[in-house]
Amino acid sequence: MQHIKQYVEQNKQRLLDELFDLLRLASVSADPKYKPEVLKTADYVAAKLRDAGADNVEICQTAGYPIVYGEKIIDASKPTVLVYGHYDVQPPDPLELWKTPPFEPTVRDGKIYARGACDDKGQFYMHVKAFELMMQTGTLPCNIKFMIEGEEEVGSSNLSIFVKANKEKLKADVVLISDTSMISMEHPSLETGLRGLSYLEVEVTGPNRDLHSGVYGGAVANPITILAQMIATLHDENNHITIPGFYNNVVPLSEAERNALNSAPYNEAEYKKDLDVAELWGEKGYSTFERTGTRPTLELNGIWGGYIGEGAKTVLPSKANAKISMRLVPNQTSDAITKLFTDHFLSIAPPYVKVKVTPHHGGEPAVTPTDSVAYRAAQKAIAESFGKEPIPTRGGGSIPIVALFEAELGLKTVLMGFGLDSDALHSPNEKYDIYNYYKGIETIPLFHKYFAELSN
């Protein structure tokens, strides 16, 4: 451990400067206007993998944005770790809510503020620098492969094609991902599962054009009103989702599982203060940890229609739209839930509007075994680095490729994230603690060390 800390200490400023260079690249995969920046980011990642000591570094083209691959095979008889991450980021909007520009990384109170600081540039780059550390100190104990993609934030639609076509190239013993969070640096944790995702868009159409709200209002159904009414029926008075069959395959946690999950440190007053809300909201009968990690949800991600510009324009709009995401738990599948939602939403449409449902992307829930060699290696690494055993938790987010890796490569995944739930992922003022960044670089080599030892 001492040589690890010494290397990080001697290279602290450079490690931070390189991350800042990466964060300055506006790699927004959802918006075509950022395409040159996304491609520059792939080039940067490839260059840094080469600098760190990786062989066979490639920028692998896809129908969308490229996947950066690199490897270091020290001995074919030794175990192999496949590191996954993504270099694309969420759109920075709304820009006016950022205290400092999203692609000009700024440090305040020991935290890096920038889009992608935590999700996932700061986290995947820890692995590149940890690899560099092991190469420079001659301590790489196993083989390592990197697969860093550029479309995670838009559904990874081309990743499955790449994985299916490159099974031999990606052959490994485990997948290691840092794209999740810990409870805190004082209470380190390891995520043992992730929820799946069904993401779609709905469109409600009334008249064939925007109408004058004075001339036609009261005689023609307003699509915004109808959409709001339809959406309001999707939860009952207990915040239970009302779509028929939605919960059919949900397996309730046992009492022992619920007790273990809820034993993690939690301060509701601090939770509410951080979010500036007076009260919490959720499915009746479940704790915050259960609601955010083990129960399925349905959330509105955006809603629009009519005139939203400056000043007044009295229109009865022709259309109204909403984006909706549903988080899924084990035994639910994205295709089945998408169909259930679609059938239900169309069935509740009144005759005075037309309704269209467009699926965007989905992913399957995943559970990580806690008795595997890889999980135990992660436990030992965190315990040594932090001086205390990690708490097992369930992640509320979705990383659809975890299920893909298991289905196509037969590999389980270790979710060893160093972010915090308060890091404002997907929001303005996203941040990542400098301490967490360095701590990740220190901890990751220990995972490789223990994984190699326990695999023998």
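Residues numbered from 1 in each chain as written. Predicted model: local features only at pLDDT ≥ 70, side-chain atom pairs only at ≥ 80, totals over all residues. Heavy atoms only, no water.

Here the amide bond leading from Asp93 into Pro94 is cis, since omega sits at -5 degrees, within 30 degrees of zero. Locating Pro94 in the fold gives a position in the loop between strand 3 (80–86) and strand 4 (106–108). Going from Asp119 to Asp120, the amide bond is cis rather than trans, its omega being 0 degrees. Within the secondary structure layout, Asp120 lies in the loop between strand 5 (111–113) and helix 4 (121–136). Its identity is not glycine, yet Asn56 carries a phi of approximately 50 degrees, on the positive side. Looking at the element boundaries, Asn56 is found in strand 1 (residues 55–60). Even without being glycine, Ala424 reaches a positive phi, approximately 60 degrees. Residue placement: Ala424 occurs in the loop between strand 19 (419–420) and strand 20 (431–433). (Helix = DSSP H or I, 4+ residues; strand = E, 2+ residues; numbered from the N terminus.)

A separate point is helix 11 (residues 334–347). Because each turn of an α-helix spans 3.6 residues, side chains separated by three or four positions in sequence point in the same direction. For helix 11, built from 14 residues, the straight-helix expectation of 20 Å at 1.5 Å per residue is met to within 8% by its first-to-last C-alpha distance of 20 Å. Taken together, the buried positions of helix 11 are occupied by Ser334, Ile337, Thr338, Phe341, Thr342, His344 and Phe345. Where helix 11 is buried, its residues touch strand 10 (196–205), helix 7 (223–232), strand 12 (297–305), strand 14 (319–328) and strand 15 (354–363). (Expected span 1.5 Å × (residues − 1). Buried < 20%, exposed > 50% of the residue type's maximum accessible area, 1.4 Å probe, protein only. Contact = heavy atoms within 4.5 Å.)

Another aspect to go through is helix 14 (residues 434–455). With 22 residues, helix 14 should reach 32 Å at 1.5 Å per residue; the first-to-last C-alpha distance of 32 Å fits that figure. Of all the 22 residues making up helix 14, 17 are buried; the element is thus mostly covered by neighbouring parts of the structure.

Here the focus is empty space enclosed by the protein. Going through the model one piece at a time under the given rule, you end up with one cavity of 30 Å³ or more. Its boundaries defined by the atoms lining it, the largest cavity holds a volume of some 40 Å³. Of the residues contributing to the lining of the largest cavity, the split by class is four nonpolar, two polar and two charged. (1 Å grid on protein atoms, 1.4 Å probe; cavity = no way out; pocket = protein on both sides within 12 Å on 5 of 7 lines; lining within 4 Å. Points joined across faces, edges and corners; volume = space filled by probe spheres on them. Nonpolar A, V, L, I, M, F, W, Y, C, P; charged D, E, K, R; others polar.)

Looking now at the sheet that holds strand 12. With antiparallel pairing, four strands are arranged side by side in an open sheet as 12-14-10-15. Both outer strands of the open sheet, strand 12 and strand 15, are each paired with one neighbouring strand and no more. When the angles between neighbouring strand axes are averaged without regard to direction, this sheet yields 15 degrees. Pairing of strand 10 with strand 14 involves ten bridges; the strand directions are antiparallel. Within the sheet, the bridge partner assigned to Thr205 lies in strand 14 and is Lys319. Of the strands in this sheet, strand 10, strand 12, strand 14 and strand 15 touch helix 7, which is tilted by about 20 degrees from strand 14. Strands strand 10, strand 12, strand 14 and strand 15 of the sheet are contacted by helix 11, whose axis makes an angle of about 170 degrees with strand 15. (Pairing = 2+ DSSP bridges. Axes fitted to C-alpha atoms, helices over the stretch in contact; angles between N-to-C directions.)

Fair warning: the whole summary comes from geometry, so function is off the table for now.
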